[in-house]
Amino acid sequence: MKSQARVVVIGGGIAGCSTLYHLTQEGWTDVVLVERDELTSGTTWHSAAQVTNFGMTQTMVGLKSHSIALYKELSEDPDYPINYHHADGGIRLANTEAQMDGYRHFAAMAKGMGVTFEVIDAQECSRRHPLISTDNLLGGLWDPLDGDIDPAQLCQSLARRAREAGAKIYRNTPVTGLSQLRDDSWIVHTDRGDISCEIVVNACGYRVNEVGEMMGIQHPVMSMEHQYFLTEPIKAIEDAGHRMPLLRCPISDFYCRQEKNGLLVGFYEQDCKTWGMDGIDPNFSNALCPDDLDRVTDVLEAAFARMPALMETGIHTVVNGPITYTIDGAPLVGPIPGKRNAFCIIGLRAGLGEGGGHGWLLAQQIVHGEACYDTWGIDPRRFTGHANVELTALKAIEDYQNEFRFHFPHEHRPAGRPVKTTPITPILAAEGAAFTTVNGWERVDYVKPTPDFHETPSYRFNEVFDVVARDVAAVQSACGICEVNGFNRYELTGTGVHDFLDRMICGRVVRKEGRVGLGYLLNHHGMLKAEATIAILSGGRVWYGSAAAAEFHDMDWLQTHLTPEDDVQIRSLTNDHTILVLAGPKSRDILSTVSRADWSREAFPWLSVRDCHIGIAPAVVLSVSFSGELAYEIHVPNNQLYAAWLALRGAGAEHGLHIFGARAVDAMRLEKGYLHWKADILTEFDPFETNLDRFVNLDKGGFVGRAALIKRQKAGLRRKLVTLRLDCDVAPAHGGTSVLHEGKVVGTVTSGDWGHRVGMNLAYAFISPALAKPGTRMEVEVIGTCVKAEVIPSGPYDPEYAHVKG
Ligand SMILES: Cc1cc2nc3c(=O)[nH]c(=O)nc-3n(C[C@H](O)[C@H](O)[C@H](O)COP(=O)(O)OP(=O)(O)OC[C@H]3O[C@@H](n4cnc5c(N)ncnc54)[C@H](O)[C@@H]3O)c2cc1C
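Throughout what follows, the structure given in this document is the object of discussion. Keep in mind that what you see is a predicted model, and the values were worked out from it rather than measured. The numbers attached to residues start from 1 for each chain and follow its sequence in the written order. Under the rules for a predicted model, residues below a pLDDT of 70 receive no local features and side-chain atom pairs below 80 are neither given nor counted, while totals for whole chains, interfaces and linings still include all residues. To obtain the side-chain values, all non-hydrogen atoms of the structure were used and water was disregarded.

## Concerning the overall build of the chain
Going by this rule: Under the scheme used here, helices are H or I runs from DSSP no shorter than 4 residues and strands are E runs no shorter than 2 residues, and both carry numbers assigned from the N terminus. Two things to know: the radius of gyration comes from C-alpha atoms, and the globule rule equals 2.2 Å times the number of residues to the power 0.38. Burial status follows relative accessibility: with a 1.4 Å probe on protein chains alone, a residue under 20% of its type maximum counts as buried, one over 50% as exposed, and anything between as partly exposed. We call two residues in contact whenever any of their non-hydrogen atoms come within 4.5 Å of each other.
The number of helices and strands found in the chain is 19 helices and 39 strands. Here the chain has a C-alpha radius of gyration of 27 Å; the compact-globule value for 806 residues is 28 Å, and the two agree. Counting only C-alpha atoms and orienting by the principal axes, one finds that the chain spans roughly 80 × 60 × 50 Å. Per-residue burial over the chain gives 61% buried out of 806 residues. When contacts within the chain are restricted to residue pairs at least 6 apart in sequence, those whose partners lie at least 24 apart make up 71%.

## Re the site of the ligand
Where we set the bar: Here a residue is near a molecule or strand as soon as one of its heavy atoms is found within 4 Å of it. Throughout this description, a polar contact denotes any pair of N or O atoms lying within 3.5 Å of each other; where both atoms belong to protein, one of them has to be capable of donating a hydrogen while the other can accept it, and for residues adjacent in sequence the pair is counted only when both atoms sit in side chains. Here the Shrake-Rupley method, with its probe set to 1.4 Å, supplies the accessible areas, and only the displayed protein chains count as covering residues. Gly falls in the polar group here, along with every residue not listed as nonpolar (Ala, Val, Leu, Ile, Met, Phe, Trp, Tyr, Cys, Pro) or charged (Asp, Glu, Lys, Arg).
Within the structure, the ligand sits among 39 residues, and Glu35, Thr44, Gln50, Leu348 and Gly353 are positioned closest to it. The side chain of glutamine 50 places a nitrogen or oxygen atom 2.7 Å from an oxygen atom of the ligand. Taking leucine 352, its main chain carries an N or O atom lying 3.0 Å from an oxygen atom of the ligand. When the ligand sits alone it has 990 Å² of accessible area, and the protein chains cover 97% of it. Of all the secondary-structure elements, those providing two or more residues to the shell around the ligand are helix H1 (14-25), strand S13 (222-231), strand S18 (315-325) and helix H9 (351-368). Class assignment for the residues of the shell around the ligand results in 18 nonpolar, 16 polar and five charged.

## Comments concerning the layout of surface pockets
Note the following rule: The way it works is a 1 Å grid over only the protein atoms, where trapped points that fit a 1.4 Å probe form a cavity and open points with protein on both sides within 12 Å along at least five of seven lines form a pocket, and then any residue with an atom within 4 Å of a point lines it. Grid points are joined across faces, edges and corners, and a volume is the space filled by probe spheres set on the points.
By volume, the second largest pocket amounts to about 560 Å³. Together, 29 residues line the second largest pocket, and Pro335, Phe343, Gly369, Trp557 and Thr560 are the ones closest to its centre. When contributions to the lining of the second largest pocket are tallied by element, the ones reaching two or more residues are strand S20 (342-346), H9 and helix H14 (551-561). For the lining of the second largest pocket, the leading source of residues is H14, giving five residues. Grouping the amino acids of the lining of the second largest pocket by side-chain chemistry returns eight nonpolar, 12 polar and nine charged.

## Concerning the pairing of strand S7 (residues 139-143)
So the rule is basically this: Pairs of strands are assigned from DSSP output, requiring at least two bridges between the strands.
Across the five residues that make up S7, a large majority, five, are buried. Neither face of S7 is left uncovered, since the one carrying Gly139, Leu141 and Asp143 and the one carrying Gly140 and Trp142 both have all their residues buried. Bridge count for strand S5 (residues 90-94) against S7 is five bridges, and the pairing is antiparallel. Across the sheet, alanine 94 pairs through a bridge with glycine 139, a residue of S7.

## Considerations on the sheet that holds strand S39 (residues 785-792)
Put simply, the test is: Where helices are involved, their axes are fitted lines through C-alpha atoms of the stretch in contact, as for all axes, and angles between N-to-C directions lie from 0 to 180°.
Reading around the barrel, the six strands line up as S34-S37-S36-S35-S38-S39 and close back on themselves, with antiparallel pairing between neighbours. Pairs of neighbouring strands in the sheet enclose a mean axial angle of 45 degrees, with direction left out of account. Lying on the sheet, helix H3 (residues 97-111) is in contact with strand S35 (738-741), strand S36 (744-755) and strand S38 (777-782); it crosses S35 at an angle near 60 degrees.

## With respect to the pattern of salt bridges
Just so we agree on the cut-off: Salt bridges are identified by distance alone: a Lys or Arg side-chain nitrogen within 4 Å of an Asp or Glu carboxyl oxygen.
According to the stated counting rule, one finds 61 salt bridges in the structure shown. Between aspartate 374 and lysine 678 there is a salt bridge whose closest N-O contact spans 2.9 Å. Of this pair, aspartate 374 sits in the loop between H9 and helix H10 (389-401) while lysine 678 sits in the loop between helix H17 (662-672) and helix H18 (706-715), and the two are 304 residues apart along the sequence. For the pair formed by aspartate 374 and lysine 678, the shared burial category is buried. Residue arginine 725 is joined to glutamate 790 by a salt bridge in which the shortest nitrogen-to-oxygen separation is 3.1 Å. Of the two residues, arginine 725 sits in strand S34 (residues 720-726) while glutamate 790 sits in strand S39, which places them 65 residues apart along the sequence. Owing to a relative accessible area of 23%, arginine 725 belongs among the partly exposed residues under this scheme.

## Remarks on the packing of helix H13 (residues 497-504) against H14
Where we set the bar: Angle categories: roughly parallel below 35 degrees, roughly antiparallel above 145, roughly perpendicular from 65 to 115, and oblique for all the rest.
For the pair H13 and H14, interaxial distance at closest approach is 11 Å and the crossing angle is 110 degrees. Regarding the angle of H13 to H14, the classification is roughly perpendicular. For the pair formed by H13 and H14, the contact residues are Phe500, Arg503 and Met504 on the first element and Trp557, Leu558 and His561 on the second. Residues belonging to the contact of H13 with H14 are distributed by class as follows: four nonpolar, one polar and one charged.

## So, the packing of aromatic side chains
Quick note on the threshold: Note on ring pairs: Phe, Tyr and Trp rings are taken, using the six-membered ring of Trp, and paired if centres are within 6.5 Å. Classes follow the plane angle, with under 30 degrees stacked, over 60 edge-to-face and the rest tilted. Only lysine NZ and arginine CZ atoms are considered, and such an atom sits over a ring when it is within 6 Å of the ring centre and within 35 degrees of the ring normal.
Evaluation of the coordinates by the stated rule reveals 32 aromatic pairs. Seen from their ring centres, phenylalanine 54 and phenylalanine 117 are 6.3 Å apart, and the 35 degrees between their planes marks the pair as tilted. Linking phenylalanine 54 in the loop between strand S3 (50-51) and helix H2 (58-75) with phenylalanine 117 in the loop between H3 and strand S6 (118-121), this pair joins segments that are 63 residues apart in sequence. Owing to a relative accessible area of 9%, phenylalanine 54 belongs among the buried residues under this scheme. Through successive ring pairs, a cluster of aromatic residues spans Phe54, Tyr103, Phe106, Phe117, Phe406, Phe408 and Tyr459. Of note, arginine 128 hangs over the ring of tryptophan 142, and the distance from its end group to the ring centre comes to 4.7 Å. Note that arginine 757 overlies the ring of tyrosine 797, its terminal NZ or CZ placed 3.8 Å from the centroid.

## Thoughts on the side chain of lysine 672
What counts is decided by this rule: Positive charge is attributed to Lys and Arg, negative charge to Asp and Glu, and no charge count is given to His or to the chain ends.
Structurally, lysine 672 is set in helix H17. For lysine 672, which is buried and forms no salt bridge, the nearest opposite charge comes from aspartate 798, at a distance of 4.4 Å.

Next comes the structure, spelled out in structure tokens:
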């Protein structure tokens, strides 16, 4: 066995085999895979192995397209052909208009990735799948490329190609320990000896946390038992003359595909079961859990009603195996938080369909530092310290129970809540707050107008529209208060801080005490990595603020670029402080009542920062605004948050201080042209494409990404972020929606919402630069309907910033 390699991949299921193969495709051939048993002996061997193109984001659609193209190519390899039922077609069913709207949106989104889905009615569903009943059915989403593959053959084929390119695979070689050396390289200890390597990859399926523990990590991944059965041959299938399309049913929680001349039917029962929470038998390999069809009786009956042929057919095999879940249903593919040179590809619940694509994106990240798509949706750092195994188990159960019921916009399901709260969460709840969750934090979305107010999940504007309109009007005319918890905040100290930030940020970096500036961090390809608010406080303290979800991501990026010579210390204050935002023309008056400092425009202009007290609570106040009104961000230590809240509420009473939430903030920021990290700020685009030219200074000297950015600038823009005004008042354009011009896709929406102060349906979109001039007309496909849209100048509300500056 080799004792040295560049990368060691641990685990020989689809995740490991795909990663190994794609590493060789990216040119790294000194790579090794170690597998404790035989290849595919974890979950992969018994997978139902359906391969769909369906995804809820463009990244998911894109990576699945990669799987499909790769599997097709492998299946046609004359030297090692594999069984792949490519393009049998598949239908996701729906019995509500709201679900149909979702499908219309997904179809419009997939179009931008060159993928054609079709939204069909109930009759068309039964025409394409003659075995289904149309009772209680509205229609469905047709995926023409849906199919299934032989999982063992697929892995062997990937392994074979990887070996041919130079990779080594060691079977029956359990990894027993991992040691990291001072230079951040690793030693992988196995039963058959050690392998030294630069990089390790955890691809261990349901044993993810056995290997995680070897590096001191507990990954938020949980296994659920999952069952399907195979039927005897069905005459209608034999007679059909074509293969049956696949079915996925959110109405009755089952899926179904053809297997020989019978069916394979899988279930997502409500009475579901976690597996292996307290350890896994070391001998559980190539193994199954005991059958338990009693558990799925409820789903079984519903499946029989949808497919009456099942009632007359015998079951000949039941398969019950462990399948992994994460907190939000998407896998963890990328760098392991807090570790150097360690990656994972874990938590795959649809690993056969997705594995080809995930391995591809992971190999790109390992070799190039970034993948061709923004991978935040699968980045392991998107969950932070709260993401423990107990929470994962609750979310895994919830997700399993809702397997095919996609999340609607703004929908946050109840399991495992609340996770992270502040001292004023109960007070806000008593005020009638409806909460959204942001990186586990319970954040006010809006305040319910009546105790029994209920939001209908929808892709359209719903009853919350008027609530947000009221919030925005209150902020615009008087003043609003909004709690922003979990905001990511590091305190940087040391003599090297300013030079370090100058190296990390691509534009001018504020240095003067008492001032605040916005900066952008690029990756080595000149693409946008992070956005930070830099505030220079007294006593040599510098605050770096960014989105709540960026807590692990940004720390990782900053730490990676610190050298031993840098006198820079970074301390996270994220969990210690909370922001109370005061926004609106009366905010200065309220602040002046509770704090003895001089808050006049002259003494504390826009983009200032200072330490002060709010009543008796110490605070750091920044005069910055995301709403487009005069506003102050008041950062208060959590143990005195309630005191600050009482002071502000007391002083605000005579000014009509109104509680507003995240939903109003999001609508208002679109009117001001402000961007959201990972909605509009993506690693797929550079700052020029993202319309952030004013934040770039190529002449200031070296910074991370500068050389690449200069090259990109010379090559010219591929896309340009613009603001669109839509002729539509029924729905916003959701992220991913396609933009069309003369019938061709010319771009993609990143964010959309109603701008209440300007009375416009607004959207941001990356579009062809040739069309980016204000006044250019095009179309946006909003839940299946092409609506007219026009490019308008960015930030239509108060373009002179008169309100913000107060
Ligand atoms: C019943 C069922 C039906 C399914 N149907 C579908 C479907 O239709 N479509 C779909 O896309 N997905 C489906 N899935 C999910 C899919 O099968 C999994 O997502 C996928 O197989 C996971 O692959 P993996 O490589 O991550 O894990 P695994 O296949 O479990 O591979 C992990 C490997 O790591 C090895 N390993 C563990 N510890 C060590 C160690 N210490 N040292 C060395 N090696 C180690 C294991 O032996 C194993 O071979 C289904 C799953 C189940 C249970």
